[in-house]
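# Fold and geometry: a report
Listed below are the residues making up each chain.
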Amino acid sequence: MKAIFLADAHLLQPEADNYRRLLSFLKNQRGSITHLILLGDIFEFWLGYRHAVFAAYVPLLEELRRQRQAGTELVFVEGNHDFHLGPYFSETLACRIFPDHGTLELDGRRIYIAHGDLVNKTDRGYRLLRRVLRSRLSRRLLPLAPVDWAWTVSRWGSRQSSSRKDESYRLPEELLVGFARERFAEGHDVVVLGHHHLPLIKRIDDKLLLCLGDWIEQDSYGLLEKGVFSLQRA
Ligand SMILES: [Mn+2]
């Protein structure tokens, strides 16, 4: 059993350095991992159409298909940049999708997985926006947008938010630890989160909190191998 957890690659163009690094990393791992667990914001923007995918993501989707063919189980927890994953993931890639969070049982451990955008409970505006965008109505309506139009609008939206230098996703460690303690109280042994772009591995009593960092500057990922969790850099 060898599971890899990764998040926050924010992939955009196949020519970009981090896109290439992620592809070659996955290629090197192909065939040797039992589980590839993606914790959201792998894509800078995704919307799940039935018969179309964004051209920029074909190289990654093809790699995921090969991983699947090699016998790797694919799991995806949706992020704040990539939700409504849709039929390409659920059917073509036979990927297990968790829209909000999930619990995995691996190596006798109960592992809580989430993107991490709901850790900060005081962020009411974001929570409301999230609820609207992820509603059943939005899931029906958003994929009616023409593919090129959706891509262009998303690029414009990204530029707006990056020009605000929004780092509100970086949370103090106490908040992450508090969130993890709540999940431990529910019976989980391990909590794995992305979103904060902050690599962190922290033992709390006999439990474990793992924050994955990102695949933009840090190329960090979580590894569960032979029953041991670790944080690695590619
Ligand atoms: Mn995020």
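Above this text you will find the structure in question.
The structure contained in this document is the topic of the report that follows. (Residues numbered from 1 in each chain as written. Predicted model: local features only at pLDDT ≥ 70, side-chain atom pairs only at ≥ 80, totals over all residues. Heavy atoms only, no water.)

Next up on the list: the packing of aromatic side chains. Going through the model one piece at a time under the given rule, you end up with 18 aromatic pairs. Relative to Phe229, the ring of Phe5 has its centre 5.9 Å away and its plane inclined at 40°; by these criteria the two rings are tilted. With Phe5 in strand β1 (residues 2-6) and Phe229 in strand β11 (residues 228-233), this pair connects stretches of sequence that are 224 residues apart. Of the two residues examined, Phe5 and Phe229, each falls in the buried class. (Phe/Tyr/Trp six-rings, centres within 6.5 Å; stacked < 30°, edge-to-face > 60°. Helix = DSSP H or I, 4+ residues; strand = E, 2+ residues; numbered from the N terminus. Buried < 20%, exposed > 50% of the residue type's maximum accessible area, 1.4 Å probe, protein only.)

Nonpolar side chains collect at one region of the surface, where Leu129, Leu133 and Leu142 lie side by side and expose about 220 Å² of accessible area between them. Here Leu133 shows up in helix α4 (residues 124-133). Under the relative-accessibility criterion, Leu133 is labelled partly exposed at 30%. (Patch = residues over 30% accessible without salt bridge, like charges linked within 9 Å, V, L, I, M, F, W, Y side chains within 5 Å. Areas by Shrake-Rupley, 256 points an atom, 1.4 Å probe, with all protein chains shown as cover. Salt bridge = Lys/Arg side-chain N within 4 Å of Asp/Glu carboxyl O.)

If you walk across this open sheet you meet the six strands as β4-β3-β2-β1-β10-β11, and the pairing is mixed. Among the strands making up the open sheet, the edge pair consists of β4 (96-98) and β11. Across the sheet, the mean angle from the axis of one strand to that of its neighbour is 20°, orientation sign disregarded. As paired strands, strand β3 (residues 73-77) and β4 are joined by three bridges and run parallel to one another. When the sheet's bridge partners are listed, Val75 is paired in β4 with Arg96. Strands in contact with helix α1 (residues 17-29) are β1, β2 (35-38) and β10 (220-225); relative to β1, the strand with the most contacts, it is inclined by about 170°. Sitting on the sheet, helix α2 (residues 58-69) touches β2 and β3, and the angle it makes with β3 is about 135°. (Pairing = 2+ DSSP bridges. Axes fitted to C-alpha atoms, helices over the stretch in contact; angles between N-to-C directions. Contact = heavy atoms within 4.5 Å.)

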